[in-house]
Amino acid sequence: MDTQRNIAFIPAAGLGKRLKDETKDIPKALVEVQGKPMIFWILKKISAAGITDFVINIHHHADKLIAWLSEYQISNSDIRIHMSLEKDRLLDTGGALKKARPILENFSHVLVHNVDIFSDFNVSSFMEYSISQDLDALLLVSDRKSSRYLLLDQSMKLCGWENRNTDERLIIGNTRNPLKARAFSGIYSMSPELLNHVPEEDVFSVIPWFLHLSNKHKIFAFEHDVSHWYDAGKPPSLKVLREMSFENFKQMTETT
């Protein structure tokens, strides 16, 4: 294990169905925002924070994303991009990590940052806090309207999950006090040691997996301000980002 370096995992294999025609012929990662593909801005932001190793999972229009990443790697020799191809089927958020385990387990911590999340979120501070607190996982959350919520105790430890559209609710452990409901923001850090406890199946979601581990591992949440947080996988947010002045967009994305 490299005790000095962190690595970033960027989930980019999804079909991008919410963007409809935008992703008919290209993967969501290559949908343009302010003149560049989404993934360009995410790679730029994370590498500026000092993380220079990346794993990117690939499925939808795989050949186009592989070609773009290969070209980007040639022009940016200071970073290393590992591609994890999910050729035959999507492995979901947890299965994607399991497949990339041979790479991820060689690093001290993993930052997972969805390819369509744009914010003034400070990557450096977040990673420093997660490492200093010796946490197994730290999930970025916010107090915003959503259909699905993480349920947290007063110390921000992960205790449950709920879907208010379907009335599904799962709580782990004994929680006598009321739980806080917070929306997951698509960014988290984790210790690669957790990959020693993945399920036997290859396709699984990361949140139920974290819940399964939360009784014996330190899996907490960190609440952030949502004034500059956008899910560009949704057409309204993508429109806002495209209409934002370039100076404001650049200032937001260059917060590392």
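Now for a quick tour of the structure. Since this is a predicted model, take the numbers as computed values, not measurements.

1. Some thoughts on the nonpolar core
Okay, so step 1: Ranked by size, the top nonpolar core spans 46 residues in total, and within it Ile-39, Leu-43, Ile-56, Phe-118 and Leu-241 carry the most contacts.
Okay, so step 2: Looking at this core, the element that brings in the most residues is helix α1 (residues 38–48), giving seven residues.
Okay, so step 3: Discounting chain neighbours no more than four positions away, the residues touching Ile-56 are Ile-10, Ala-12, Ile-39, Leu-43, Leu-69, Ile-81, His-82, Met-83 and Ser-84.
Okay, so step 4: Counting 32 residues, the second-largest nonpolar core is a separate cluster that includes Phe-107, Val-110, Met-156 and Met-190.

2. Thoughts on the pairing of strand β12 (residues 180–190)
Okay, so step 1: With nine of its 11 residues buried, β12 lies for the most part within the structure.
Okay, so step 2: Relative to β12, strand β8 (residues 137–142) runs antiparallel, the two being bridged by five bridges. The residue of β12 that forms the bridge with Ala-137 is Met-190.
Okay, so step 3: As paired elements, strand β9 (residues 148–152) and β12 share three bridges and run antiparallel to each other. Each residue of the ladder has a partner; that of Leu-151, found in β12, is Ala-181.

3. Looking at the packing of α1 against helix α2 (residues 62–75)
Okay, so step 1: Following both chains from N to C, one finds α1 and α2 inclined at 40°, their axes separated by 12 Å at the closest point. Here α2 runs oblique to α1, going by the angle between their axes. When you trace α1 past α2, the crossing you get is right-handed. For the pair α1 and α2, the contacting residues are Ile-39, Phe-40, Leu-43 and Lys-44 in the first and Leu-65, Trp-68, Leu-69 and Tyr-72 in the second.
Okay, so step 2: Grouping the constituent residues of the contact of α1 with α2 by class yields seven nonpolar, no polar and one charged.

4. Comments concerning the pattern of salt bridges
Okay, so step 1: Considering all chains together, one arrives at 15 salt bridges under this definition.
Okay, so step 2: Put simply, Arg-101 and Glu-105 hold a salt bridge, and the shortest N to O gap is 3.2 Å.
Okay, so step 3: A residue is classified by how much of its surface remains accessible, and Arg-101, at 26% relative accessible area, is partly exposed.
Okay, so step 4: Asp-134 is the salt-bridge partner of Lys-218, the closest N and O atoms lying 3.5 Å from each other. In this pair, Lys-218 sits in the loop between α6 (206–213) and β13 (219–223) while Asp-134 sits in the loop between α5 (123–132) and β8, placing the two residues 84 residues apart along the sequence.

5. Brief notes about unusual backbone geometry
Okay, so step 1: In this structure, Asp-92 is a non-glycine residue whose phi angle is positive, near 70°.
Okay, so step 2: Tracing the sequence through the fold places Asp-92 in helix α3 (residues 92–99).
Okay, so step 3: Residue Asp-92 is classed as partly exposed on the basis of its relative accessible area, which comes to 39%.
Okay, so step 4: Not every positive phi belongs to a glycine, and Asp-134 is a case in point at roughly 55°.

6. What to know about α1
Okay, so step 1: The buried fraction of α1 is high, at eight of 11 residues.
Okay, so step 2: Three or more residues of α1 are buried, namely Met-38, Ile-39, Phe-40, Trp-41, Ile-42, Leu-43, Lys-45 and Ile-46.

7. Details of the pairing of strand β10 (residues 158–163)
Okay, so step 1: Across the six residues that make up β10, a large majority, five, are buried.
Okay, so step 2: As defined by bridge partners, β9 adjoins β10 across five bridges and the pair is classed as antiparallel. Within β10, the position partnered with Leu-151 by the bridge is Gly-160.
Okay, so step 3: Between the antiparallel neighbours β9 and β10 lie five residues, among them Met-156 with a positive phi of about 75°.
Okay, so step 4: For β10 and strand β11 (residues 168–171), the ladder comprises four bridges, and the chain directions are antiparallel. The residue bridging Gly-160 from the neighbouring strand is Ile-171, located in β11.
Okay, so step 5: Counting the residues between successive antiparallel strands, the hairpin from β10 to β11 contains four residues, one of them, Asp-167, with a positive phi of roughly 65°.

8. A closer look at the packing of aromatic side chains
Okay, so step 1: Tallied over the entire structure, the rule returns 13 aromatic pairs.
Okay, so step 2: The interplanar angle of 80° and the centroid separation of 4.9 Å between the aromatic rings of Trp-41 and Phe-249 together place this pair among those described as edge-to-face. With Trp-41 in helix α1 and Phe-249 in helix α8 (residues 246–253), this pair connects stretches of sequence that are 208 residues apart.
Okay, so step 3: Summarising the aromatic geometry, the rings of Phe-121 and Phe-126 are spaced 5.1 Å apart at their centres and angled 70° between planes, so their arrangement reads as edge-to-face.

Reading the values: rules and limits
Residues numbered from 1 in each chain as written. Predicted model: local features only at pLDDT ≥ 70, side-chain atom pairs only at ≥ 80, totals over all residues. Heavy atoms only, no water. Core = buried A, V, L, I, M, F, W, Y, C linked by side-chain atoms within 4.5 Å. Buried < 20%, exposed > 50% of the residue type's maximum accessible area, 1.4 Å probe, protein only. Helix = DSSP H or I, 4+ residues; strand = E, 2+ residues; numbered from the N terminus. Contact = heavy atoms within 4.5 Å. Pairing = 2+ DSSP bridges. Axes fitted to C-alpha atoms, helices over the stretch in contact; angles between N-to-C directions. Parallel < 35°, antiparallel > 145°, perpendicular 65-115°, else oblique. Left-handed = near helix turned anticlockwise from the far one by under 90°. Nonpolar A, V, L, I, M, F, W, Y, C, P; charged D, E, K, R; others polar. Salt bridge = Lys/Arg side-chain N within 4 Å of Asp/Glu carboxyl O. Phe/Tyr/Trp six-rings, centres within 6.5 Å; stacked < 30°, edge-to-face > 60°.

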